Amino acid sequence: MQEHFLKIEGLAKVFPAARGGKPLTVFDNINFSIEKGEFVCIIGHSGCGKSTILNVLAGLDEASSGVVVMDGREVKGPSLDRGVIFQSHALMPWLSVKKNIEFAVKSRWPDWKRDAVRAHCQKYIDLVGLTGSENKKPAELSGGMKQRVGIARAFAIQPKMLLMDEPFGALDALTRGVIQDELLKICAETHQTVFMITHDVDEAILLADKVILMTNGPEAKIAEIVMNTLPRNRDRHDIHKNPQYYRIRNHLVDFLVTRSKQFAETAPADYDTQHPPLVKPGLTEPLPTDSQEAEPPRGMKPALHLVNE
Amino acid sequence: MSKAINLKSAVVSVLIFVVFVVGWHIATQPKATAAASGVSAEYAALMGGGAKPQSGMPTPAEVGKTFWERISDPFYDKGPNDKGIGIQLGFSLARVLTGFVLAVLVAIPLGFLIGMSPVMYRALNPYVQVLKPISPLAWMPLALYTIKDSSISAVFVIFICSLWPMLINTAHGVASVKRDWLNVAKTLEVNPLRTAMQVVLPAAAPTILTGMRISMGIAWLVIVAAEMLVGGTGIGYFVWNEWNNLSITNVIFAILMIGLVGMVLDMMFGVLQKLVTYRE
């Protein structure tokens, strides 16, 4: 068997029973892997345990069972190998932009001289386009700029893997677009391995090489893993011109709208949580002969097209 | 807009002061003589009021004069019962600062411990709840008996009364540091000491400073009463001594000084508080 960069096996999270109740299984038997340099998004409704999976990967939470192995070593507790970008940006409000990043860099390389730390921080401040705002406090920055600081801080420690919990959820659409482009550019330059939670289907198609679809909780599972077959140099301006785009998009939206709820009943007979099916909706013809994939009702599609316009 | 408000409030402040002083002045004028009240001058003289009937309360002018004299020579020392106001305030401030600093040294580390550990919080909470409402002066006999030194006992009383607000505020501030910031430190593998100093301390600093400010306020209240009890030196002793001398003028002067010094102390903590407060 091939060695994966990150491998998750049999991950489960069970909360102990409340008084008189049954124990709550948030998710169960989660298996997937991520290769080096891959950008993986996970999509699912609230309550399916996406954030818990991310926190387990970050070492901030513990799974009830299962193992996570990264680069040949088991993940136990937080590590500088895995950088985290928090949804709420989590900047220290008493520190300036520069000091926030320096805090991370000094933690990564405690022996570095002052000048080296400074130069390194400046490089990442420039990278996210915050040159000139180095000495501002987070309160003086807009939401988008704060998140850029968070991105710079995470990249500055040069982690083997980047974990992002809905990093752009709190941003307006315009800002989000700009920062997504920048993130894509930086990831391409640094060959960063990324695991990201999102609710935004378009964001997933733009950024991810692989989209993990989770069924609704409790007892959420990975329904399938969608390969993004669009070429990697994706661009938000003409991505929708590629005929694959809507096929993938419809597949994802259909999953979120209908299949994520009914997955337990409509799961294909050969479904195996150990090896969730890999699907490439971008390559399948619009009308597949094999209806096992539960093609969405016809009436759904025009509505979805309206959403895109 | 704000300038106009400043000007108006300044005018009203001055007006209140003038009204108060004039009212005080009128109230302390010598009463109309005995003749008017229908008693013979001879009888009035027998009763001791004839020569110069006067109220026991000093007039504003007298207090102003004393104020000026004492302020212009604050550091003279003519024996145990006659020291300048600067020396007396100095003694009081030294006691307050000693007790306060000792309380800081105990309350902040202990507050960190209580704030970070739910076990310690629950274990120590009953003690804090019982000890907190005790009037600091109630400790005085116990302090005098065990320490056997009146001056150190006063310091101990200040220590005890400064302790609780700082302890409670530190614990509260530390316990309510945002999870996100601690998670950042965790994912960066920052060691606990550095997390405490560079994340928890700055995050909790505004709350801690609030506790220190309250403590200093209470300490300054308590020192006057404590020094009245232990005697010897200090502003509290000065007030009591002047009362025994029946010098109401000096008592009023001392009251004013206590208020002014208390205000300055509070303002200093206000400045410190501003320095550590952050906007989110």
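Residues numbered from 1 in each chain as written. Chains lettered and ligands numbered in written order. Predicted model: local features only at pLDDT ≥ 70, side-chain atom pairs only at ≥ 80, totals over all residues. Heavy atoms only, no water.

The subject of this paragraph is the overall build of chain B. Scanning chain B from terminus to terminus reveals eleven helices and zero strands. What you see in chain B, going N to C, is helices and strands ordered as α-α-α-α-α-α-α-α-α-α-α. Since a compact globule built from 280 residues should have a radius of gyration of about 19 Å, the 26 Å found for chain B marks it as more spread out than a globular shape. Principal-axis analysis of the C-alpha atoms gives chain B an extent of 95 × 60 × 35 Å. Taken across its 280 residues, chain B has 40% of its residues classed as buried. A sequence separation of at least 24 residues applies to 72% of the contacts in chain B between residues at least 6 apart. Accessible area of chain B: about 16,200 Å², with a carbon and sulfur share of 71%. The distance from the centre of the 19 positive side-chain charges to the centre of the 13 negative ones in chain B is 11 Å. (Helix = DSSP H or I, 4+ residues; strand = E, 2+ residues; numbered from the N terminus. Rg over C-alpha atoms; globule rule 2.2 N^0.38 Å. Buried < 20%, exposed > 50% of the residue type's maximum accessible area, 1.4 Å probe, protein only. Contact = heavy atoms within 4.5 Å. Areas by Shrake-Rupley, 256 points an atom, 1.4 Å probe, with all protein chains shown as cover. Lys, Arg positive; Asp, Glu negative; His and termini not counted. Charge placed at Lys NZ, Arg CZ, Asp CG, Glu CD.)

Taken together, the contacts link 22 residues of chain A with 17 residues of chain B. When the buried area of chain A at its contact with chain B is split by residue, P93, W94 and F103 of chain A rank highest and sum to 34% of it. Seen at the junction of chain A and chain B, the total is five residue pairs in polar contact (both at pLDDT 80 or more). The set of elements that each furnish at least two residues to the side of chain A that touches chain B consists of β6 (82-85) and α2 (97-108) of chain A. Here the element with the most residues in the side of chain A that touches chain B is α2 of chain A; it accounts for four residues. (Buried area = accessible area lost by both parts, 1.4 Å probe. Polar contact = N/O pair within 3.5 Å; in protein donor to acceptor, adjacent residues only side chain to side chain.)

To continue, consider helix α1 (residues 50-58) of chain A. Residue and element names in this part refer to chain A. The buried fraction of α1 is high, at seven of nine residues. When α1 is considered as a whole, its buried residues turn out to be K50, T52, I53, L54, V56, L57 and A58. Just past α1, the residue G59 takes up positive phi, approximately 85 degrees.

Below, the discussion takes up the packing of aromatic side chains. Inspection of the entire model under this criterion finds eleven aromatic pairs over all chains. Consider the rings of F32 of chain A and F195 of chain A, whose centres lie 5.7 Å apart with planes at 15 degrees: the pair is stacked. Of the two residues, F32 of chain A is situated in strand β2 (residues 24-34) and F195 of chain A in strand β8 (residues 193-197); the sequence distance between them amounts to 163 residues. Residue F32 of chain A is classed as buried on the basis of its relative accessible area, which comes to 4%. Between the aromatic rings of W109 of chain A and W112 of chain A, the centroid separation amounts to 4.4 Å while the plane-to-plane angle is 5 degrees, which identifies the pairing as stacked. The rings of W94 of chain A together with W181 and Y278 of chain B are connected pair by pair, giving a single aromatic cluster. Over the ring of Y76 of chain B we find K78 of chain B, and its NZ or CZ is 4.9 Å from the ring centre. The ring of Y145 of chain B carries K148 of chain B above its face, with NZ or CZ at 5.2 Å from the centroid. (Phe/Tyr/Trp six-rings, centres within 6.5 Å; stacked < 30°, edge-to-face > 60°. Lys NZ or Arg CZ within 6 Å of the ring centre and 35° of its normal.)

Turning our attention to unusual backbone geometry. Backbone geometry follows two general trends: most residues other than glycine have a negative phi, and most peptide bonds adopt the trans configuration. Positive phi outside glycine occurs at H191 of chain A, with the angle close to 55 degrees. Mapped onto the fold, H191 of chain A is located in the loop between α5 (173-190) and β8. Phi at E189 of chain B takes a positive value of approximately 55 degrees, unusual for a residue other than glycine. Tracing the backbone shows E189 of chain B in the loop between α8 (179-187) and α9 (192-230). Exposure remark for E189 of chain B: the relative accessible area of 45% places this residue in the partly exposed category.

Time to look at the sheet that holds β2 of chain A. Residues and elements named next belong to chain A. With antiparallel pairing, the four strands of this open sheet are ordered in space as β2-β1-β4-β5. Pairing within the sheet leaves two strands with one partner each, and these edge strands are β2 and β5 (73-74). The strands that α1 touches are β1 (6-15), β2 and β4 (65-70); relative to β1, the one it contacts most, it runs at about 120 degrees. (Pairing = 2+ DSSP bridges. Axes fitted to C-alpha atoms, helices over the stretch in contact; angles between N-to-C directions.)

Further remarks concern the nonpolar core. Ranked by size, the top nonpolar core spans 100 residues in total, and within it L6, I30, F32, I53, F195 and M214 of chain A together with M212 of chain B carry the most contacts. Counting residues per element, this core draws most heavily on α9 of chain B, which supplies 16 residues. Residue contacts for M212 of chain B: discarding those within four places in its chain leaves F100, V104, I108, M166 and F269 of chain B. In this structure, I43, V117, L183 and M196 of chain A belong to the second largest nonpolar core, which totals 54 residues. (Core = buried A, V, L, I, M, F, W, Y, C linked by side-chain atoms within 4.5 Å.)

Averaged over chain B, the pLDDT score is 90; the fraction of residues at 70 or greater is 91%. Two numbers describe this predicted complex: its pTM, 0.82, and its ipTM, 0.83. (pLDDT = per-residue confidence, 0-100.)

The subject of this paragraph is the pattern of salt bridges. A side chain with one charge can pair with a side chain of the opposite charge if their charged atoms come near. Residues and elements named next belong to chain A. A complete count under the given rule lists 18 salt bridges over all chains for this structure. Note that R148 is salt-bridged to E182, the shortest N-O span being 3.8 Å. Taken together, the positions of R148 in helix α4 (residues 143-156) and E182 in helix α5 put the pair 34 residues apart, joining distant regions of the chain. With respect to class, R148 is no different from E182; both count as buried. By sharing partners, the salt bridges in this structure join D71, D81 and K160 into a single network. (Salt bridge = Lys/Arg side-chain N within 4 Å of Asp/Glu carboxyl O.)

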